[in-house]
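# Report on the structure
Here is how the chains run, residue by residue.
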Amino acid sequence: MIRSTTVICIRKDGKTVVAADGQVTLGETIIKKGAKKIRRLYNGKVLAGFAGSTADAFALFTRFEGKLEEFRGNLSRAAVELAKEWRTDRALRHLEALLVVADKEKIFLVSGNGDLIEPDDGIAAIGSGGPIVMAAAQALARHSSLSASKIATEAMKIAGNICIYTNLETLIEEL
């Protein structure tokens, strides 16, 4: 289990939103409150969020951005190739992180085990607060008319009030 953060991605009504908290912990100590765990890639057309080791995540962002360039922004193909490479490459295989990547049409959760998961309901979450934020977002999406951005904001508040590895400093990016 990655005990490090909370990241959620929601696609609703033609909008794609990725939100993440800003807390960085080292063991049981908070060492930073305003980290940016979301990146805009491929000329701002793709969003990526990470949970796990920061150095590992930066390495994965670089690799993923290379795959996006190689496949001319094709998110599906880039994510498949990253998952394959991550699982089989000797150095990458030891990275401890998870990624959520999205464009306007698709969302994928990518892991070093070769997992490439596209959620059924347009909501994916990772990190220690992932299950909490996902449950909150699913409930809000099903039982309210809130926008994707507002759902992400409210769900992150819920996770931040429950998960000790998640704070209330939320960064949100929208496509």
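To be clear, the structure that these remarks concern was listed above.
Figured I'd write up the structure that's included with this text. (Residues numbered from 1 in each chain as written. Predicted model: local features only at pLDDT ≥ 70, side-chain atom pairs only at ≥ 80, totals over all residues. Heavy atoms only, no water.)

Further remarks concern the overall build of the protein chain. When its secondary structure is counted, the protein chain shows four helices and 11 strands. Against the globule reference of 16 Å for 175 residues, the protein chain gives a C-alpha radius of gyration of 15 Å, in line with a compact fold. Expressed along its principal axes, the backbone C-alpha trace of the protein chain runs to roughly 40 × 40 × 25 Å. Looking at the 175 residues of the protein chain, the share that counts as buried comes to 50%. When the accessible surface of the protein chain is summed, it comes to about 8600 Å², and 49% of that surface belongs to carbon and sulfur atoms. Taking the average location of the 24 positive side-chain charges in the protein chain and that of its 21 negative ones, the two points are 2 Å from each other. (Helix = DSSP H or I, 4+ residues; strand = E, 2+ residues; numbered from the N terminus. Rg over C-alpha atoms; globule rule 2.2 N^0.38 Å. Buried < 20%, exposed > 50% of the residue type's maximum accessible area, 1.4 Å probe, protein only. Areas by Shrake-Rupley, 256 points an atom, 1.4 Å probe, with all protein chains shown as cover. Lys, Arg positive; Asp, Glu negative; His and termini not counted. Charge placed at Lys NZ, Arg CZ, Asp CG, Glu CD.)

Spatially, four strands are ordered 10-1-2-11 in an open sheet, and the strand pairing comes out antiparallel. The open sheet has two edge strands, strand 10 (123–127) and strand 11 (170–174), and neither has a second partner. The average undirected angle you get between the axes of adjacent strands in this sheet is 10°. The sheet contact formed by strand 2 (residues 15–21) and strand 11 spans five bridges and is antiparallel. In the strand pairing of strand 11, Ala20 is matched with Leu171. Here helix 3 (residues 130–143) sits on the sheet and contacts strand 1 (6–12) and strand 10; the angle it forms with strand 10, its principal contact strand, is near 160°. Packed onto the sheet, helix 4 (residues 148–162) meets strand 1, strand 2 and strand 11 and runs at close to 155° relative to strand 1. (Pairing = 2+ DSSP bridges. Axes fitted to C-alpha atoms, helices over the stretch in contact; angles between N-to-C directions. Contact = heavy atoms within 4.5 Å.)

As a further point, take helix 3. For an α-helix the count is 3.6 residues per turn, leaving residues at separations of three or four pointing the same way. Between the first and last C-alpha of helix 3 there are 20 Å, a value that for 14 residues agrees with the 20 Å anticipated at 1.5 Å per step. Restricting attention to buried positions, one finds in helix 3 the residues Gly130, Val133, Ala136, Ala137 and Gln138. Where helix 3 is buried, its residues touch strand 1, strand 10 and helix 4. (Expected span 1.5 Å × (residues − 1).)

Across all of its chains, the model carries 11 salt bridges by this definition. Residues joined in a network through salt bridges with shared partners are Arg63, Lys67, Glu70 and Glu85. (Salt bridge = Lys/Arg side-chain N within 4 Å of Asp/Glu carboxyl O.)

Right, let's talk about the pairing of strand 7 (residues 97–102) for a bit. Within strand 7, five of the six residues are buried, which leaves it mostly tucked inside the rest of the structure. Linkage of strand 7 to strand 8 (residues 107–111), two consecutive antiparallel strands, is achieved through a turn of four residues.

This paragraph deals with the environment of Val110. By the secondary structure assignment, Val110 is in strand 8. Judged by relative accessible area, which is 0%, Val110 ranks as buried. Spatially, the C-alpha atom of Val110 lies 6.2 Å from that of Ala83, the residues being 27 residues apart in sequence. What Val110 contacts, discounting residues up to four positions off in sequence, is Ala79, Leu82, Ala83, Trp86, Leu98, Leu99, Val101, Asp115 and Leu116.

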